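Structural description and commentary
Below are the chains, spelled out letter by letter.
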Amino acid sequence: DSIKLIFKDSVNFTEPTLGECVDYDILLSTFENKCITDNYLLTKPYYSFELSVFNKWEGNFISGIADVNYSTVGILKNAYYYDYVKNNTLKVKMVFFDTFEEIIKAINDGEIDYAFGDQRLLLNHTINHDMYDLKTAGTLTKTFSVYMAVKKEHEALFKAIKSSLCFATAETLKWCLEKMHQ
């Protein structure tokens, strides 16, 4: 979300749908499918995290994904972890949300039992919204990585981004993207 705020005037951040091949200049993505590998140049992941499960403070802790079986879980629409949850659980009712804020509110209000995502994201939202009765119920062994995918026709931009990822600031990346669209 913070990356979207930085680049909001320069880049369209419509999220790609898993399995759908859509034309973008640059993607910030965890998806790595045939469409992406055929049409985009990929940086090395610049951020990786283990998938965490969240619930209310008084809720159960979990040791594995199967511990959410027979419960109601909140999932972001087009979430990178959707297939992982679907393929590794039984009789889970999935409720889909547009934003992570909506998921946090649904947990807080008791509408869902669990939600999935990055633990740092949960901590950020609980602190910013004074929702200290939410907790990480467990961290799963599944690791996701976020990388940049740049259209193959923009090889010079890809090389600039790739070489600057080690020390790039948000302002540097925004400048590169603005130059591409001039």
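Residues numbered from 1 in each chain as written. Predicted model: local features only at pLDDT ≥ 70, side-chain atom pairs only at ≥ 80, totals over all residues. Heavy atoms only, no water.

Quick look at the packing of aromatic side chains
Quick note on the threshold: Think of it this way: a Phe, Tyr or Trp ring, Trp meaning its six-membered ring, pairs with another when their centres are within 6.5 Å, and the plane angle makes it stacked under 30 degrees, edge-to-face over 60, tilted otherwise. Elements are defined by DSSP. Helices are runs of H or I of four residues or more, strands are runs of E of two residues or more, and each kind is numbered from the N terminus. Relative accessibility under 20% of the residue-type maximum defines a buried residue, over 50% an exposed one, and the middle range a partly exposed one, all with a 1.4 Å probe and only protein chains included.
A full pass over the atoms with the stated rule returns 3 aromatic pairs. Ring centres of F54 and F100 lie 5.9 Å apart, and the angle between their planes is 85°; this geometry places the pair in the edge-to-face category. Here F100 lies in helix α4 (residues 100–108) and F54 lies in strand β3 (residues 47–56), a separation of 46 residues in the sequence. Accessibility classification places F54 together with F100 in one group, the buried group. Plain terms: the ring middles of Y81 and F116 are 5.8 Å apart, the flat faces sit at 40° to each other, and that makes the pair tilted. Of this pair, Y81 sits in the loop between β4 (72–76) and α3 (82–87) while F116 sits in strand β6 (residues 114–118), and the two are 35 residues apart along the sequence. For the pair Y81 and F116, one class covers both residues: buried.

Comments concerning the pairing of β3
For a regular strand, side chains alternate in direction, first toward one face of the sheet and then toward the other. What counts here: For two strands to be treated as a pair, DSSP must find at least two bridges joining them.
Pairing of β3 with strand β7 (residues 134–151) involves 9 bridges; the strand directions are antiparallel. Bridge pairing in β7 places K56 opposite L134.

Examining unusual backbone geometry
The general pattern is negative phi for most residues beyond glycine and trans for most peptide bonds. For Y70, which is not glycine, the phi torsion reads 65° and is therefore positive. Relative to the elements of secondary structure, Y70 occurs in the loop between β3 and β4. Y70 sits in the exposed class, given a relative accessible area of 59%. The backbone phi angle of K91 is positive, close to 50°, even though this residue is not glycine.

Observations concerning the packing of α4 against helix α5 (residues 119–128)
Inclusion rule: Angles here are taken between N-to-C directions and fall from 0 to 180 degrees, while the axes themselves are lines fitted to C-alpha atoms, restricted in helices to the stretch in contact. By the definition adopted for this analysis, an angle is roughly parallel if under 35 degrees, roughly antiparallel if over 145, roughly perpendicular if from 65 to 115, and oblique otherwise. By the convention used here, residues are in contact when the closest approach between their heavy atoms is within 4.5 Å. Only Asp, Glu, Lys and Arg are considered charged, only Ala, Val, Leu, Ile, Met, Phe, Trp, Tyr, Cys and Pro nonpolar, and every remaining residue, Gly among them, polar.
One can describe the packing of α4 onto α5 by two numbers: an axis separation of 11 Å at closest approach and a directional angle of 70°. If you check the angle between α4 and α5, you find them roughly perpendicular. Side by side, α4 and α5 meet where F100, E101 and I104 of the first sit next to L121, L122 and H125 of the second. A class-by-class count of the residues in the contact of α4 with α5 yields 4 nonpolar, 1 polar and 1 charged.

With respect to the nonpolar core
Soluble, globular proteins show a tendency: their nonpolar side chains are buried together. Under the convention used in this document: Here, the term nonpolar core denotes a set of buried Ala, Val, Leu, Ile, Met, Phe, Trp, Tyr and Cys residues that are joined through side-chain atoms within 4.5 Å.
Counting residues in hydrophobic clusters, the biggest one holds 19 residues, and the most contacted among them are V53, V68, Y81, F116 and L140. Of all the secondary-structure elements, those providing two or more residues to this core are β3, β4, α3, β6 and β7. Within the second largest apolar cluster, 11 residues are counted, among which are F97, I104, I107 and A115.

Points about the confidence of the model for the chain
For clarity, the threshold we go by: pLDDT expresses, on a scale from 0 to 100, how confident the predictor is about each individual residue.
On average, residues of the chain score 76 in pLDDT, and 73% of them reach the 70 mark or higher. The least confident element of the chain is helix α1 (residues 2–6), whose mean pLDDT is 46; the most confident is strand β5 (residues 93–97), at 93. For residues 1–6, every residue scores under 50 in pLDDT, and the model assigns this stretch 9 contacts once sequence neighbours within four places are set aside.

Concerning the environment of K135
Assignment of secondary structure puts K135 in strand β7. Residue K135 is classed as buried on the basis of its relative accessible area of 4%.

Some words on the pattern of salt bridges
Worth spelling out the cut-off: Salt bridge criterion: a side-chain nitrogen from Lys or Arg within 4 Å of a carboxyl oxygen from Asp or Glu.
According to the stated counting rule, one finds 4 salt bridges in the structure shown. With a closest N to O distance of 2.5 Å, K105 and D109 form a salt bridge.

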